[in-house]
Amino acid sequence: MQKLKIFPLLALFTFLAACVQTQELETLGIINARGVDLYEESSDELLETTLIVFQFDIQHSAMTNTIIERGKTIKGARKRAGYHMSYNLVPGQISVEMFGRELAERGLSSYLNGLVRDARDNETAYFAITDSTAKEVLTAGQENVAINIGQYLQNLIEKEMNDGRLPETSITHFDHMHTEIGIDPVLPIIDLVNNKPTLTGLAVFQEDKYVDRISMKDALLVNLMKKTLKDTRIEITLPAKPFAPYIQFDPKVDVEEISLMLTILKGKSKISLTDKENLQYETDINLRMNLNEISRSIKINEKNFKLLEKEIEKSLKKDYETLLNKLQEINSDVIGYGKYYAATLREKDLTNEEWREKFPEISVKYNVKVKIVNHGTIM
Amino acid sequence: MRGSGSNDKNIFPMKIEELEKLLKNRFENNPDLSFTVYDHENKKIAVFFISYIVETQWVHESLVKTLLEGNEPWTNKAILNNIPLAEAEKKKKLQELLDGLLIGKVFVYIEGEDAALSYLLLKKEKRSLVQAETESLVLGPKVGFTESLITNLNMIRWNIRSENLVMEKYTVGKQEPREVRLVYIKSVANTSDINTMRQRLTELDIDNVDDSSVLMQYLEDSSRSIFPQFLSTELPDRFCYSISRGRIGVLVENSPTSIIAPSTFFSFFESTEDLYMRWNVGSFLRILRYLSFLLSTLLTPIYVSVVTFHYEIIPTSLLVNLGQSRAAVPFPPILEVLILELLIELLRESGARLPTKVGQTIGIVGGVVIGTAAVEAGITSNVLLIVVALSALASFTAPNYLMGTTARLIRFPMIFLAGTLGIVGIVYGMSFLVVHLLKLTSLGRPYLAPIYPFRWEDLNKVIFRLPNDFQNKRFISYRPKKAIRYSKKDARKKRDIDE
Amino acid sequence: MEINVKKKPDLEFQAFYVFFLIASIQIGVGILGVPRIVYLEAEHDGWISILLSYFYIVLVVWTMIYILRQYKNADILGIQVDLFGKWIGKILGTIYLIYFTIGLLSILITYIEVVKVYIFPDMDNYILGGLLLILAIYTVLGGIRIVVGVCFIFFFLTQWVHLLLIQPILNFDILHFQPVLKASFNEIVSGAKSTSYTMMGFELLFFIYPFIQNKQKTNKATQTAIGFSAAKTLVLTVVAIGYFNASQLTRREWPVLDLYKLQTFSFVERFDYVVVAEWMMVVIPNIVIFMWVITYGAKRLFQISQKTTLYIVAIILFICIILISDHFFIHKIIDLSSAIGLWIVYVYPFLLLPWVWIKNRSRKRKGNEKHAKA
């Protein structure tokens, strides 16, 4: 009986070996970062992809290789890149996928589709946009950054995301946002500054199409609407006038603005639709902050502390209103007011077109509440 | 030879010359058979034994001297009354004579009597008590069993001083009989377990048993399985620990290894040391051992599967190093692993076979020199070297040598599965292993108890070593006669603060 | 054929294990796709559908246990022979066995497809199919005790997977559930109907009942088991609807696996591979139970030795696995299995109930007549 059990197993093992395609690590060219740009010389070569590839070779100490190849689809370009490589190019370890602006303006959904369809692709990779071309950022970055550019970008995005200054930007998340009705996705913009890849802003999309960019500070404001922030640093500039009596040391020097560095200990937001017919929203923002630094020395007591809080509230409220105006102008609802509207519709589903018509008309009342908990050792 | 008709007949009375001829004939004229005939008061008295297994000095001083000094004609009755030696027996059959001679008995035959008298005056060479070689404890008694059954029984008696301790005697082996003892505590051990063991011992029809480890394989439920189903130990400490918890022990003459049954998969990871340590340290050590079993069976297969199939799983930072070290290796990962595993197994085996001092040198030379050289020569990657060394190290932590070797061997089919089907293969292998363990029994008791059949009360004894007031019961999966070992009536009184 | 089952007492197991048997067999491959299937019917009110189907199953199980309690130690095969006579009873019993075989086949091919999609696109069906069948044979050769043991242990070995849901739960969006009760009642009911394939498996009780040692606790164990499975399905569906948006959910074949995909750790970059492989441990109890029921049923009905059935069924399944690799054909088999199951599992017990009543009454009357005569 025992023999009967073991023999089929052994027999299976022997021809199992040849049946599943192996992917031995050293035979692979592992793509770590990929840049995709629009390239239109002929219809056959629609895209230009820049691949940052790990390849393992004893002779070469440099493991990272940059390959530039064109093709109709991303996968097609990868196939063609394989023609001049002795390694098997595989996409399972891509950590950053970067798109040129021109391409992003045309829409990313068709590329996304392929990424999500293949279960073996890494869905937790990050998307990023660049104002120049992805090719430029990746190749220049590769030369000027000490570590591998793919890892550099990944660490950069991850760090900013964990610190709360950047909204979630993984592929799954982008896929989620662009297919969801009533909210539009955002992606980080990475440009070359002094030949170093640097986060310069946030790209705002209309569904899957790039429309405009907002600043990194606005990115934080958007993120605050999306999730609860913890331990996030924020810089706020206030007019100096209300504080004039309290400025210490050289009160004569006339300054217009005071810059504050604050840490958001806990930042929460709540959106509610108050009037469905007239599309009136109310947004409550509650912030508990620590004061870290002030550009001017201000004498702090209970009274002007309140003043400080009030001024911050005012300034944030203004920032939000400006941001909303800009978003309404470009008609991109990255905060997701549409979702709240859709959640009230019982008879029919909201469509994107409908919301595009309605979004510029909405009005939002921002109630910002700031509480400064701690201000360090100096009074 | 044994059991043939003529041997069972009563041969006495017979002429002394005839007896001598008969015995010499049977022993193929062996020069060691000492057969001396004394003439005393006109009666011929024969004293015969096999010289080197008998205390000759005792024979001369206590037996021959008394025989010759007496001044009456000797009869059996007179001898029994006058010789200052215990354990005298009357033997009438040839077979009894032959058996007796072989286990060190001295026979006295007075011509004309209807039986020969035998005295047990065996001389046995034995080594002194030393520390056990294969198992070692940091805390607790360290002495090991020896080859002498008498010594072993002696040690057990001193350990378990209870009138309930039973040591049943059996003889196993048709051609070369060997004494086997069944040890248990009657008031605790489960009766049906004892009966099963008794039955297996008596029904064993075999010519000879080489050692207790061999006997164990004959007694086990499934001798084909890779897992040992009976625990074997060289430590009287561990033996008595198990006996007092209601298990059954088997001791074999001339074997320093004792057998303990029934046992579960988990009892192989148990050490008496767990009890001697504080409970938290004990628990930690026990969990460490389970972990190391998993580690030693799974670590290299995981390496193979990941490097062969699933590069996606490797964290990017590790990927670079791993790829770099793999790049130099000309073999596919599975072959690379097999080569290195083979190397380690060779080292281990040569270390075990060679005398201790040379063995240590081999370990260092092999580990350091060959390992580094192998990496430099590009035969293996340095990451793999760590992985293999770690899994080899982990396989040593099992307190039981047999389970350690099992873990070593399971690794190889796992590596094959990992090399052909990647992580799916590993999970398949694990599933197969679990099913196999489920099917095993030890003395008819489930091998995976108390996990399945599930017993909550036993679980804490197996996975952790909880404080004593949680462990007041014996291992009830084995249904001992007496479940409670430690009355915790006063042990845990709930008191308020400041009371 | 005996109506009551005679079996050796050492084959019995405690009612406590019924929980693991039922919970293991209910949660298999069906649950991987259930959020999508429910969403297609009832949209974001799918969770109500699952609650609805749970309440329905509670009733079914109650009925089943009521029927079983009318006999001393019978299984459904015996009961059918008792109610409908030898011929019809055996035909009905055979239908059960065919249903189980199709169910087993659907589990095997679905799991193989999942592995092919997620890990080895170029793997041949027969490799994994063969391996799983060998394991199933090896297990079933050990008998009912080992089958129960496999369910019990593998149940615990697979629960850690739920820790991977933390990431999607953190990104949960409550707005996806609003407005509540948007779907019509019909949609919710058809959503409940669509969960039938996933929730199936408790019909096993009809077969294992004679083997339960303390039968009075059967109801409690079974109800806990279906409660557990329903809760698990509910949680997974709610998390999936909360995490994915409408278009994502309808496009993804196995949303549950995609949920597990999101978690990354510093030591393992991608968890979906581990989860897909680990899911084998969820599937094995399913295969093993079905296999055992088939062999046992064939023995009860036709006195074929269990080993013969075991090998024959394994060979038939192996051939089927080799032949079937088309995605849409696999779905046809799943649909077939759920269509048969819908009648056998969800409706049949209620049809059986009046027959049992009638039989009982006539039996009592006969008993009374005998008393009167005496």
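Our subject is the structure that appears above.
Only a predicted model underlies this, so the values are computations on that prediction, with no experimental measurement involved.

J.: Is there a simple way to explain the overall build of chain C in this structure?
T.: Scanning chain C for helices and strands turns up 17 helices and 0 strands. For chain C, whose C-alpha radius of gyration is 21 Å, the value lies close to the compact-globule estimate of 21 Å for 374 residues. By principal-axis analysis of the C-alpha atoms, chain C measures approximately 80 × 45 × 35 Å. Put simply, chain C shows about 14500 Å² of open surface, and 67% of that area lies on carbon and sulfur atoms. A gap of 16 Å separates the mean positions of the 32 positive and 22 negative side-chain charges of chain C.

J.: Please clarify how the interface of chain C and chain B should be interpreted in this entry.
T.: Many descriptions give the size of an interface as the accessible area lost when the pieces come together. With 37 residues of chain C in contact, the opposing surface of chain B contributes 26 residues. Summing both partners gives a buried area of about 2800 Å² for chain C against chain B, and 78% of it is carried by carbon and sulfur. At the junction of chain C with chain B, the criterion picks out 0 salt bridges. Viewed at the interface, chain B and chain C are joined by 6 residue pairs in polar contact (both at pLDDT 80 or more). Every element with two or more residues in the side of chain C that touches chain B is listed here: helix 1 (16-26), helix 5 (125-140), helix 6 (144-157), helix 14 (272-278) and helix 15 (280-302) of chain C. The element best represented in the side of chain C that touches chain B is helix 6 of chain C, accounting for 9 residues. Taken together, the residues of the side of chain C that touches chain B sort by class into 29 nonpolar, 4 polar and 4 charged.

J.: Looking at this structure, how should I read the pattern of salt bridges?
T.: Two side chains carrying opposite charge are able to pair once their charged atoms lie near each other. All names here are of chain B. The final tally for this structure, using the stated rule, is 47 salt bridges over all chains. The salt bridge partner of Lys105 is Glu89, with a shortest N-O separation of 3.2 Å. Pair noted here: Lys105 is in strand 4 (residues 105-110) and Glu89 is in strand 3 (residues 89-91), with a separation of 16 residues, a long-range link. Arg286 is the salt-bridge partner of Asp274, the closest N and O atoms lying 2.8 Å from each other. One end of the pair, Asp274, is in helix 9 (residues 273-276); the other, Arg286, is in helix 10 (residues 279-308), and 12 residues separate them in sequence. Among the charged side chains, a network of salt bridges with common partners joins Glu341, Glu345, Arg348, Glu349, Arg353, Arg408 and Arg411.

J.: Mind showing me how you'd approach the interface of chain B and chain A here?
T.: The interface is formed by 25 residues belonging to chain B together with 29 residues belonging to chain A. Linking chain B to chain A there are 1 salt bridge. A:Glu26 serves as the salt-bridge partner of B:Arg326, at 2.5 Å between the closest nitrogen and oxygen. Where chain B packs against chain A, one counts 8 residue pairs in polar contact (both at pLDDT 80 or more).

J.: Just to check I follow, could you spell out the packing of aromatic side chains for this structure?
T.: Any pair of aromatic rings gets described here by the distance separating the centres and the angle formed by the planes. If you walk through the whole model with that rule in mind, you get 65 aromatic pairs over all chains. Ring centres 5.3 Å apart and planes at 80° place the aromatic pair A:Phe174 and A:Phe205 in the edge-to-face group. Of this pair, A:Phe174 sits in helix 7 (residues 171-179) while A:Phe205 sits in strand 8 (residues 196-206), and the two are 31 residues apart along the sequence. Summarising the burial analysis for this pair, A:Phe174 and A:Phe205 share the class buried. Members of the aromatic cluster, joined through ring pairs, are B:Tyr452, B:Phe454, B:Trp456, C:Phe16, C:Tyr17, C:Phe19, C:Phe20, C:Phe152, C:Phe155, C:Phe156 and C:Phe228. In this arrangement the basic side chain of A:Arg70 is found over the ring face of A:Tyr39, its NZ or CZ atom lying 4.0 Å from the centre. The ring of C:Tyr138 carries B:Lys439 above its face, with NZ or CZ at 4.0 Å from the centroid.

Quick notes on the rules
Residues numbered from 1 in each chain as written. Chains lettered and ligands numbered in written order. Predicted model: local features only at pLDDT ≥ 70, side-chain atom pairs only at ≥ 80, totals over all residues. Heavy atoms only, no water. Helix = DSSP H or I, 4+ residues; strand = E, 2+ residues; numbered from the N terminus. Rg over C-alpha atoms; globule rule 2.2 N^0.38 Å. Areas by Shrake-Rupley, 256 points an atom, 1.4 Å probe, with all protein chains shown as cover. Lys, Arg positive; Asp, Glu negative; His and termini not counted. Charge placed at Lys NZ, Arg CZ, Asp CG, Glu CD. Contact = heavy atoms within 4.5 Å. Buried area = accessible area lost by both parts, 1.4 Å probe. Salt bridge = Lys/Arg side-chain N within 4 Å of Asp/Glu carboxyl O. Polar contact = N/O pair within 3.5 Å; in protein donor to acceptor, adjacent residues only side chain to side chain. Nonpolar A, V, L, I, M, F, W, Y, C, P; charged D, E, K, R; others polar. Phe/Tyr/Trp six-rings, centres within 6.5 Å; stacked < 30°, edge-to-face > 60°. Buried < 20%, exposed > 50% of the residue type's maximum accessible area, 1.4 Å probe, protein only. Lys NZ or Arg CZ within 6 Å of the ring centre and 35° of its normal.

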